[in-house]
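Structural overview
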Amino acid sequence: MQKQPLNPPCLMPITGNQLLYRSKYDQIYIDVTKVKRLLYKPGQTLPFYGSSVKAGFPSPAEDYAEDALDLNQYLIKHPAATFFVRASGNSMIGAGIFDKDLLIVDRSLEPVSGKVVIAAINGELTVKRFQKTSNGGLLISENADYPPIRLSKSDRVHIWGVVTNVIHNI
Amino acid sequence: MSCERVFNPTLEKKPVIVLSNNDGCVVSRSNEAKALKIPMGVPLFQIQDIVKKYKVQLLSSNYALYSHMSYRVMQSITTFCPEIEIYSIDESFLDFSMFNQAELFNYAVNIRQKIIQWTGIPVCIGLAPTKTLAKAANFIAKKITTGVFDLRDVIVREEILKKFPVGEIWGIGRRIESKLLALNIITAWDLIEYPRHQLRKIFNVNLERTALELQGVSCLPLEKSCIKKRIQSSRSFGRPVTQLSELREAISMYTNIASEKLRKQKSLVSTILVYLTTSRFKPIQEYYANQEIIRLIVPTNDTRMLLHKAVVAIEKIFRPGYDYAKCGVMLLDLMPETIIQESLFDMASSKNKIDGLMDTINAKFGKKTILFGGEGFHKPWLARSNTLSPRYTTNWSELVIAKVY
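All of these numbers come straight from a predicted model, not from anything done at the bench.

What counts, and where the lines are drawn
Residues numbered from 1 in each chain as written. Chains lettered and ligands numbered in written order. Predicted model: local features only at pLDDT ≥ 70, side-chain atom pairs only at ≥ 80, totals over all residues. Heavy atoms only, no water. Helix = DSSP H or I, 4+ residues; strand = E, 2+ residues; numbered from the N terminus. Buried < 20%, exposed > 50% of the residue type's maximum accessible area, 1.4 Å probe, protein only. Contact = heavy atoms within 4.5 Å. Areas by Shrake-Rupley, 256 points an atom, 1.4 Å probe, with all protein chains shown as cover. Lys, Arg positive; Asp, Glu negative; His and termini not counted. Charge placed at Lys NZ, Arg CZ, Asp CG, Glu CD. Axes fitted to C-alpha atoms, helices over the stretch in contact; angles between N-to-C directions. Parallel < 35°, antiparallel > 145°, perpendicular 65-115°, else oblique. Nonpolar A, V, L, I, M, F, W, Y, C, P; charged D, E, K, R; others polar. Core = buried A, V, L, I, M, F, W, Y, C linked by side-chain atoms within 4.5 Å. Pairing = 2+ DSSP bridges. Salt bridge = Lys/Arg side-chain N within 4 Å of Asp/Glu carboxyl O. Polar contact = N/O pair within 3.5 Å; in protein donor to acceptor, adjacent residues only side chain to side chain. Phe/Tyr/Trp six-rings, centres within 6.5 Å; stacked < 30°, edge-to-face > 60°. Lys NZ or Arg CZ within 6 Å of the ring centre and 35° of its normal.

**Here's the deal with the overall build of chain B**
On a plain count of helices and strands, chain B comes out with 14 helices and 12 strands. Each principal axis of the C-alpha atoms in chain B carries an extent, and together these give about 65 × 65 × 50 Å. In chain B, which comprises 405 residues, the share counted as buried stands at 42%. The long-range share in chain B, meaning contacts at least 24 apart out of those at least 6 apart in sequence, stands at 63%. Here chain B displays about 22400 Å² of accessible surface, and carbon together with sulfur accounts for 56% of that area. Charged side chains of chain B number 55 positive and 38 negative; the gap between the two group centres comes to 4 Å.

Here it is in structure tokens:
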């Protein structure tokens, strides 16, 4: 069956993560997140071949060659919005955060109750646990000496990012 | 300013200024500093009293931070629009012609909100059918709270351009502005109405193009290539330099930086310009500036050749007895590596492996791990930045700290 040419060839966003690619005779949906992952360097490794490519019978293992494991891929889902922050203090040892640990903070994530977040309180960056409430949210301290702080519309108290991982040196 | 505030929220709502290289001039001001009437580009020593009286905070330019944050912003923008031309460290043009035009305003508002959330940097967006109009729309967007302004509608455009001062149009500098005002062309609308062939006669074809763009006729396509046509490297000195030996070291360092950039974009250079100058602020009898242009027979990217030529040039233009404030090197007439035409008289030089090796070592172990000896080790003439903020995004030992309590 002859396909009618679609016209014009173009690329259109459909939803946040999908693009519709229309060429002359076909159209496909491209998942942008998969394409983005390939574009991210460094640390990105390319598949390597276990044997040198000679003329002759190819090794069946080649079909199963996979990318080497990459910590960047594991830890950083959104590179442009991910920052590294150094933790200072001992109040969250119970949560697994020790003094001088490296925190991986993703600013693109929506804060969810129970998550550890970085919050800017009166100009200072702090590490707190977030709790969603009917009028915004609450920042809970794991240290009994400090009261919970309400998120305010003004810039005095606001969320800076969500902590996704803690790197602790043993 | 925005970059510094992301990591140091105490800077918000206060007068803060960022200083240029060597803490010389003001290159960025917070809104509160602008309110104190501190002009852009003014040397620090001229506003010392304002700084003391209003406790204006000073920061040295943290280029490592700004360029990296710019990269994040541009990367984020790319997820919303693949057709992007990165115009400068904080500006880019996007081509939305393939998008649903009716939804574009809301889309732009969404882009701005997401970029602020992801990177902390507030961006403003101007929508228009041409680049020049988009720049004008962006100028307005910066002054309104939504941060987005739409100049696509012809009626809105006419109303705005009739009040838009001609000096704020992209591509029109002070000199052209004063000539236009003398011709009674005061607003952008006046410029559009002026007979175009006259514009070309009195000024140049670029101004005619600007006028066309203001009318909605696109003359400037999106340029996606980021290959620079010239590479420049220079810095002001930390203190006045009088010795030729120090000038040789400095020019060697700048030439090395420039040739690294040259190799990175896979280009060759055939014309080098070396210049030096004393301070602009000194009286006329102590002022001396000169430059030397070297044309190479064979285009090259060989650092040793470039270093040799640059040092010979600086020796030629050096005059003893002056306090030099700055020197620099410019690589002009760049061409891609793939075009090499050797002259009949030039001996084919051995393939340059040293540069490639140095680039690899410096890339792996850090900038300036291995240098050419001509640069000098101590470099007492190098500019110092006294109030540099930490390199939050490029240095493990300078990360921002969050208190746990």
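**Side note on the packing of helix α6 (residues 131-141) of chain B against helix α11 (residues 205-214) of chain B**
Residue and element names in this part refer to chain B. Viewed as axis vectors pointing N to C, α6 and α11 meet at an angle of 70°, and their least axial separation amounts to 7 Å. With respect to each other, α6 and α11 are oriented roughly perpendicular. Residue-level contacts link K131, T132 and L133 of α6 to T210, E213 and L214 of α11. Split into classes, the residues belonging to the contact of α6 with α11 amount to 2 nonpolar, 2 polar and 2 charged.

**Describing the nonpolar core**
If you look at the biggest cluster of nonpolar residues, it comprises 48 residues, and the most contacted ones within it are V85(A), L103(A), I118(A), V127(A), W160(A), F7(B) and M69(B). Among the elements that make up this core, the one with the highest residue count is helix α4 (residues 63-78) of chain B (6 residues). Among all residues touching L103(A), those that are not within four sequence positions of it are F83(A), F84(A), V85(A), A87(A), I97(A), I118(A), V127(A), V163(A), N165(A) and V166(A). Counting 31 residues, the second largest nonpolar core, distinct from the first, contains A258(B), L296(B), I314(B) and I317(B).

**Some words on the pairing of strand β4 (residues 84-88) of chain B**
On a regular strand, one side chain projects to one face of the sheet and the next to the other, so that they alternate. All names here are of chain B. Sheet topology places β4 next to strand β5 (residues 91-94); 4 bridges connect them, and they run antiparallel. Bridging across to β5, E85 finds its partner in F93. Turn length for the β4-β5 hairpin, with the two strands adjacent in sequence and antiparallel, is 2 residues.

**Notes on unusual backbone geometry**
Residue and element names in this part refer to chain B. Within the chain, K37 stands out as a residue other than glycine whose phi angle is a positive 65°. Here K37 falls in the exposed class, since its relative accessible area comes to 70%. Phi is positive for K55, which is not a glycine, with a value near 55°. With respect to the element layout, K55 can be found in the loop between α3 (48-54) and β3 (57-60). A relative accessible area of 70% means that K55 is categorised as exposed.

**Examining the environment of V298(B)**
Residues and elements named next belong to chain B. Positionally, V298 belongs in strand β10 (residues 289-300). Residue class for V298 comes out buried when judged on its relative accessible area of 15%. Separated by 177 residues in the primary sequence, V298 and I121 place their C-alpha atoms 45 Å from one another.

**Overview of the sheet that holds strand β2 (residues 26-29) of chain B**
Within a sheet, each strand pairs with its neighbour through backbone hydrogen bonds, oriented either parallel or antiparallel. Residue and element names in this part refer to chain B. Pairing is mixed in the open sheet, where 3 strands are placed in the order β2-β1-β3. Two strands lie at the open edges of the sheet, namely β2 and β3, each paired on one side alone. Here the strands of the sheet are splayed against their neighbours by 30° on average, with no regard to which way each runs. In the sheet, strand β1 (residues 16-19) pairs with β3 via 4 bridges, with the strands oriented parallel. Among the inter-strand pairings, V16 is bridged to a residue of β3, identified as Q57.

**Observations concerning the interface of chain B and chain A**
Between chain B and chain A, the contact holds 27 residues from the first and 37 residues from the second. At the boundary of chain B and chain A, one finds 1 salt bridge. At the boundary of chain B with chain A, the tally comes to 20 residue pairs in polar contact (both at pLDDT 80 or more). When residues of the side of chain B that touches chain A are traced back to their parent elements, those giving at least two are α1 (2-7), α4, α5 (104-119) and β12 (400-404) of chain B. No other element matches β12(B), which puts 5 residues into the side of chain B that touches chain A. Its residues placed into classes, the side of chain B that touches chain A shows 15 nonpolar, 8 polar and 4 charged. In the sheet, strand β7 (residues 124-133) of chain A pairs with β12(B) via 2 bridges, with the strands oriented parallel. Residue V127(A) lies in a different strand from β12(B), and its bridge partner there is V404(B).

**Describing the packing of aromatic side chains**
A complete count under the given rule lists 20 aromatic pairs over all chains for this structure. With 5.7 Å between their ring centres and 70° between their planes, F83(A) and F7(B) make a pair best called edge-to-face. Of this pair, F83(A) sits in strand β4 (residues 82-88) while F7(B) is found in helix α1, placing the two residues in two different chains. Both rings, one in Y288(B) and one in Y324(B), keep their centres 6.3 Å apart while their planes meet at 65°; by these two values the pair is edge-to-face. One end of the pair, Y288(B), is in the loop between β9 (267-278) and β10; the other, Y324(B), is in strand β11 (residues 324-336), with 36 residues separating them in the sequence. Using a relative accessible area of 0% as the deciding quantity, one classes Y324(B) as buried. Aromatic rings pair up to connect F80(B), F96(B), F99(B), Y107(B) and W118(B) into one cluster. Against the face of W160(A) rests R107(A), its NZ or CZ located 5.0 Å from the ring centre.

**Considering the sheet that holds β9(B)**
Residue and element names in this part refer to chain B. Taking strand neighbours across the sheet as the criterion, the 4 strands line up as β8-β11-β9-β10 in an open arrangement whose pairing is antiparallel. In this open sheet, the two strands that pair with only one neighbour each are β8 (231-241) and β10. Taken pair by pair, the neighbouring strands of this sheet meet at an average axis angle of 10°, ignoring direction. In this structure, β9 lies alongside β10, joined through 8 bridges in antiparallel fashion. Bridging across to β10, V269 finds its partner in T300. Lying on the sheet, helix α12 (residues 244-264) is in contact with β8, β9, β10 and β11; it crosses β8 at an angle near 155°.

**A look at the side chain of K131(B)**
All names here are of chain B. Position of K131 among the secondary structure elements: in helix α6. With relative accessibility at 9%, the residue K131 sits in the buried group. In contact with K131, not counting residues within four places along its chain, are E85, F93, W170, E213, L220, P221, L222 and E223.

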